[in-house]
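Now for the letters of each chain:
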Protein chains: 2
Amino acid sequence: MNAEIIAVGSEMLTPDKVDTNSLHLTQELNTLGIEVVAKAIIGDDRQRLTDAIRNSWAHAELVILTGGLGPTEDDLTRDAVAAALEVGMTPSEEAWQAILNRFQKFGRTPTENNRRQTLILNGADMLPNPNGTAPGQWFHRDGRVLVLLPGPPRELKPMVAAEIIPRLTAMLPPQVIRTRWYRVALMGESDLDHLIAPIYTKYTNPATTILAAAGDIDIHLRARCETAEEAEALLAEVGDPIAELIGDKIYSTNGDPLEVVVGKLLRAKGQTVAVAESMTGGMLGMQITSIAGSSDYFKGGFLTYTDQMKTQLLGVPEGTEAVSEEAALAMAAGARDRAQSDYALSVTGFADGPNAGHVFVGLATPTGTHARKLKLNGDRYRVRCLTILNALDWLRRALQS
Amino acid sequence: MNAEIIAVGSEMLTPDKVDTNSLHLTQELNTLGIEVVAKAIIGDDRQRLTDAIRNSWAHAELVILTGGLGPTEDDLTRDAVAAALEVGMTPSEEAWQAILNRFQKFGRTPTENNRRQTLILNGADMLPNPNGTAPGQWFHRDGRVLVLLPGPPRELKPMVAAEIIPRLTAMLPPQVIRTRWYRVALMGESDLDHLIAPIYTKYTNPATTILAAAGDIDIHLRARCETAEEAEALLAEVGDPIAELIGDKIYSTNGDPLEVVVGKLLRAKGQTVAVAESMTGGMLGMQITSIAGSSDYFKGGFLTYTDQMKTQLLGVPEGTEAVSEEAALAMAAGARDRAQSDYALSVTGFADGPNAGHVFVGLATPTGTHARKLKLNGDRYRVRCLTILNALDWLRRALQS
């Protein structure tokens, strides 16, 4: 089954607006094995919208419209669908009752305009909207489906979960979906792809998706089969050789980000960490403490932006070059000592200027203190992000060894 | 002039892919006064794409296609446009020469497939692509324009700037655009809109855009007139009363984010700041140091996640409640003292759990130390972001007073 999605509303066509509903719907539909083959955003123009709906209805077995179901003249979706499908509409007493109840709950009275929201395509099911006044609609004809959903995500998402997914599932052949995740730190996307493409490109099932951020890559395998055993067997057939090729660069097999992996390892060992940062200015501490409960294993940190603070807070010997292996070593050792933690990470480097990307990371452990030099490319933000990843991944390896 | 944008490629229809090209184009077109009335993403299906192009060409004066200009069979844009417009194509010797030169530069040889990329619609201008092999195309017929652009943003954006904007500008009546920005901290979006909507909704010129993030709102006015004087007069007519209503909640009138405003104020006074963070774990330091050159005014900070670190590093008296006014005061005073800075900000609070959003912020200045209690709503990330904004805005006001 193929789907097309049409979002309605001129307000969706500004330079900063992203149609997140279509992304959510794509995610949900893909999980059912339904592919989205086209999507559009159409402004408030009845004729244009009618043409777009007619076009989608001619091409796809499932057409989903989002938005344009409000009570005003500008809300064109119902009328445009009726025109495109050449189907009449009838006011639904049930929908009107739901609107009355909702307004009553808030001590208000609906206007005559709200009557427009009760118009349901002849032959369509009215889909209740517990979070708003606009009901959804499910129209099924000759094996093809057209769905109308309200635009606000907090109304749309529950309706998709409660009404759309079950109805679609009932139409599709029974299947089981199983997934595997590999999260990989500090490999280039093209290097990684070059390594594993010979394996995954031979298979369409499981489907392999690779999402890359700076230094951080998600590999997602999704197998669709009639039984769980078949799906797991396929995942092993493709996933095991991939995992073997990438080796210990894989830091997570359940989708956890690196700071969660490190936090779980520290918690499991009952150990703690501290940080000493100059160039990253708190970003490493922020990342570690972005997880609820991180106070169990994060002792604290030292943001030493001046030589004087490095010496005073961390005992870095006076005269030590601010960006140097010696500084990174002394910072890590000083942070571990003064925070009385089991581990400490340190960062010193240049995020911009002539030596941008020239960075030292230090790691103090119960058995010794080490430092590494990094050469990173990119702007200030990217250099800081890659540094954090390097530091956390080094700690992850130390905790796992 | 109205525009429609069509992005081509099945890879754009995944749950996590955002068509950033269309956002960039919308921004650029809006600046010229061209409105985007519809946009679509079409997968790799020749017939579907041809229908979509025909539909857009029938409705809009400007149709822009992005992507699908590669050398492979899957790259359907050229063929689909030729079919939709019923126009033939001719290989361009100039385009082929550009491809040969490009490959030569990298020591490689083009394949016969690359010949497909030299096919130009009869009557269209070939648009050179200094950053890739796919040339763009500009097709102009009966006052309507259709444009083909390469998909990679680093190829598309320079081509838009060098080829598309100048050609469109030449087609449009002469006009001058002037803008005003107001950035506002710590007002709710609906409160702000309630306050200023009576003013700005009376005008379509200047156009007013309001962008809201958590606690941080951008108001953008854009006036389009025949002369700069007219445009400035309109901006003053609408902007001045808006600025008066919002008052000193406006922290920036040039688009600068709060950390830049604070940094410029500190630099201008030759003064410095330090931070002491528990709940935010480094986020405040990270925000201040996200600006190149911040080492001129940021001395450093203390991430005190344990009571012991608060006492040892900042001199917070033993037995002080970790989340309290006393703690915030002692942390700010201790940070200012030990970092030898002119100002210090402190944060202590709960980002989740039963007391989530219960936060104290402290500010130490050359003339005294103060603390404030905040009650914030939202998840861990939002509470941390709102706390940072409160702290930085307080420092901004102290520096401006």
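The structure contained in this document is the topic of the report that follows. Worth saying up front: this structure is predicted, and the values here are computed from it rather than measured.

Scoring rules and cut-offs
- Residues numbered from 1 in each chain as written.
- Chains lettered and ligands numbered in written order.
- Predicted model: local features only at pLDDT ≥ 70, side-chain atom pairs only at ≥ 80, totals over all residues.
- Heavy atoms only, no water.
- Helix = DSSP H or I, 4+ residues; strand = E, 2+ residues; numbered from the N terminus.
- Rg over C-alpha atoms; globule rule 2.2 N^0.38 Å.
- Buried < 20%, exposed > 50% of the residue type's maximum accessible area, 1.4 Å probe, protein only.
- Contact = heavy atoms within 4.5 Å.
- Buried area = accessible area lost by both parts, 1.4 Å probe.
- Salt bridge = Lys/Arg side-chain N within 4 Å of Asp/Glu carboxyl O.
- Polar contact = N/O pair within 3.5 Å; in protein donor to acceptor, adjacent residues only side chain to side chain.
- Nonpolar A, V, L, I, M, F, W, Y, C, P; charged D, E, K, R; others polar.
- Pairing = 2+ DSSP bridges.
- Lys, Arg positive; Asp, Glu negative; His and termini not counted.
- Least-squares fit on C-alpha atoms with pLDDT ≥ 70 in both.
- 1 Å grid on protein atoms, 1.4 Å probe; cavity = no way out; pocket = protein on both sides within 12 Å on 5 of 7 lines; lining within 4 Å.
- Points joined across faces, edges and corners; volume = space filled by probe spheres on them.
- Axes fitted to C-alpha atoms, helices over the stretch in contact; angles between N-to-C directions.
- Parallel < 35°, antiparallel > 145°, perpendicular 65-115°, else oblique.
- Core = buried A, V, L, I, M, F, W, Y, C linked by side-chain atoms within 4.5 Å.

Details of the overall build of chain A
Within chain A one finds 12 helices and 17 strands. Taking 2.2 N^0.38 as the reference for a compact globule, 401 residues should give roughly 21 Å; the C-alpha atoms of chain A span a radius of gyration of 28 Å, well beyond that estimate. Dimensions of chain A, computed from the C-alpha atoms along their principal axes, are close to 85 × 50 × 40 Å. Counting every position in chain A, which comprises 401 residues, the buried fraction comes to 54%.

So, the interface of chain A and chain B
Taken together, the contacts link 60 residues of chain A with 60 residues of chain B. A combined buried area of about 4600 Å² lies between chain A and chain B, and 55% of that area is made up of carbon and sulfur atoms. By the criterion of area lost to chain B, the three top residues of chain A are Pro15(A), Arg48(A) and Tyr305(A), representing 13% of everything that side buries. There are 2 salt bridges connecting chain A and chain B. Taking the shortest distance from any N to any O, the salt bridge between Glu4(B) and Arg48(A) comes out at 2.6 Å. Where chain A meets chain B, there are 26 residue pairs in polar contact (both at pLDDT 80 or more). Grouping the constituent residues of the side of chain A that touches chain B by class yields 24 nonpolar, 24 polar and 12 charged. Here 5 bridges tie strand β2 (residues 35-42) of chain A to strand β2 (residues 35-42) of chain B, and the two strands are oriented antiparallel to one another. Bridge pairing links Ala40(A) to Ala40(B) in β2(B).

Some words on the pattern of salt bridges
Residue and element names in this part refer to chain B. Applying the stated criterion across every chain yields a total of 32 salt bridges over all chains. Here Arg180 ties to Asp240 by a salt bridge, and the two come within 2.8 Å at their closest N and O atoms. Of this pair, Arg180 sits in strand β9 (residues 176-185) while Asp240 is found in helix α7 (residues 228-246), placing the two residues 60 residues apart along the sequence. By relative accessible area, Asp240 is classed as partly exposed at 41%.

What to know about the side chain of Lys299(B)
Positionally, Lys299(B) belongs in strand β14 (residues 298-304). For the buried Lys299(B), which has no salt bridge, the nearest side chain bearing the opposite charge is Asp342(B), at an N-O separation of 7.4 Å. A distance of 3.3 Å separates the side chain of Lys299(B) from the backbone oxygen of Gln340(B), its partner in a polar contact. Residue contacts for Lys299(B): discarding those within four places in its chain leaves Leu303(A), Thr304(A), Tyr305(A), Thr306(A), Gln308(A), Met309(A), Thr272(B), Val273(B), Ala339(B), Gln340(B) and Ser341(B).

Structural notes on the relation of the copies chain A and chain B
Rotating chain A by 180° and translating it 0.2 Å along the rotation axis places it on chain B, where the RMSD comes to 0.3 Å. Such a turn and shift between the copies fits a two-fold axis. Both copies contact each other with a shared surface, as 100% of the interface residues of chain A are interface residues in chain B too.

Observations concerning the layout of surface pockets
By volume, the second largest pocket is sized at about 1300 Å³. For the second largest pocket, the lining is made up of 31 residues, of which Ala207(A), Thr208(A), Thr209(A), Ile210(A) and Thr14(B) are closest to its centre. No other element matches strand β10 (residues 207-213) of chain A, which puts 5 residues into the lining of the second largest pocket. Broken down by class, the residue content of the lining of the second largest pocket amounts to 12 nonpolar, 11 polar and 8 charged.

Overview of helix α3 (residues 77-85) of chain A
All names here are of chain A. Across the 9 residues of α3, 7 count as buried, placing the element largely inside the fold. Along α3, the positions that sit buried rather than exposed are Thr77, Arg78, Ala80, Val81, Ala82, Ala84 and Leu85. After α3 finishes, the residue Glu86 shows a positive phi value of roughly 55°.

Description of the pairing of strand β11 (residues 216-225) of chain B
Residues and elements named next belong to chain B. Most of β11 is tucked away, with 9 of its 10 residues classed as buried. Where β9 lies against β11, 10 bridges are found, and the strand directions are antiparallel. Within β11, the position partnered with Val184 by the bridge is Ile217. Across 7 bridges, strand β10 (residues 207-213) lies against β11 in antiparallel orientation. Along β11, the bridge assignment pairs Leu211 with Asp218. Counting the residues between successive antiparallel strands, the hairpin from β10 to β11 contains 2 residues, one of them, Gly215, with a positive phi of roughly 70°.

Comments concerning the sheet that holds β14(B)
Overall, mixed pairing links the 10 strands, which are arranged β17(A)-β16(A)-β15(A)-β13(A)-β14(A)-β14(B)-β13(B)-β15(B)-β16(B)-β17(B) in an open sheet. Each edge of the open sheet is held by one strand with a lone partner, namely β17 (368-375) of chain A together with β17 (368-375) of chain B. When the angles between neighbouring strand axes are averaged without regard to direction, this sheet yields 15°. Note that strand β16 (residues 358-365) of chain A and β17(A) share 8 bridges and pair antiparallel. Across the sheet, the residue bridging to Gly362(A) is Ala371(A), located in β17(A).

Section: the environment of Leu127(A)
All names here are of chain A. Within the secondary structure, Leu127 sits in strand β6 (residues 125-127). Exposure remark for Leu127: the relative accessible area of 0% places this residue in the buried category. When the C-alpha atoms of Leu127 and Gln137 are compared, they prove to be 5.4 Å apart, with 10 residues separating the residues in sequence.

Considering the packing of helix α2 (residues 46-59) of chain A against helix α2 (residues 46-59) of chain B
Two elements in contact, α2(A) and α2(B), have axes separated by 11 Å at closest approach and are oriented at 170°. Of the possible angle classes, the one that applies to α2(A) and α2(B) is roughly antiparallel. Of the residues in α2(B), those touching α2(A) at Gln47(A), Arg48(A), Asp51(A), Ala52(A), Asn55(A), Ser56(A) and His59(A) are Gln47(B), Arg48(B), Asp51(B), Ala52(B), Asn55(B), Ser56(B) and His59(B). Residue classes in the contact of α2(A) with α2(B) are distributed as 2 nonpolar, 8 polar and 4 charged.

Details of the sheet that holds strand β8 (residues 144-149) of chain A
If you walk across this open sheet you meet the 12 strands as β6(A)-β7(A)-β8(A)-β3(A)-β1(A)-β2(A)-β2(B)-β1(B)-β3(B)-β8(B)-β7(B)-β6(B), and the pairing is mixed. Two strands lie at the open edges of the sheet, namely β6 of chain A together with β6 (125-127) of chain B, each paired on one side alone. Direction aside, neighbouring strands of the sheet carry axes that sit 15° apart on average. Both strand β3 (residues 62-66) of chain A and β8(A) contribute to a ladder of 5 bridges, which runs parallel.

Observations concerning the packing of helix α10 (residues 307-314) of chain B against helix α11 (residues 325-339) of chain B
Residue and element names in this part refer to chain B. Two numbers describe how α10 lies on α11: the axes approach to 9 Å, and their chain directions differ by 40°. Viewed along their axes, α10 and α11 adopt a mutual orientation that is oblique. For the pair α10 and α11, the contacting residues are Lys310, Gln312, Leu313 and Leu314 in the first and Ala330, Met331, Gly334, Ala335 and Arg338 in the second.

Looking at the side chain of Asp393(B)
Following the sequence through the fold, Asp393(B) ends up in helix α12 (residues 380-400). Residue classification places Asp393(B) among the buried positions, given a relative accessible area of 3%.

Focus on the nonpolar core
Ranked by internal contacts, the top residues of the largest apolar core, which has 74 residues, are Leu284(A) and Leu284(B). When neighbours within four sequence positions are excluded, Leu284(B) is seen to be in contact with Val275(B), Glu277(B), Leu345(B), Val347(B), Ile388(B), Ala391(B) and Leu392(B). Among the nonpolar cores identified, the runner-up in size contains 58 residues, and Ala52(A), Leu65(A), Leu121(A) and Ile120(B) belong to it.

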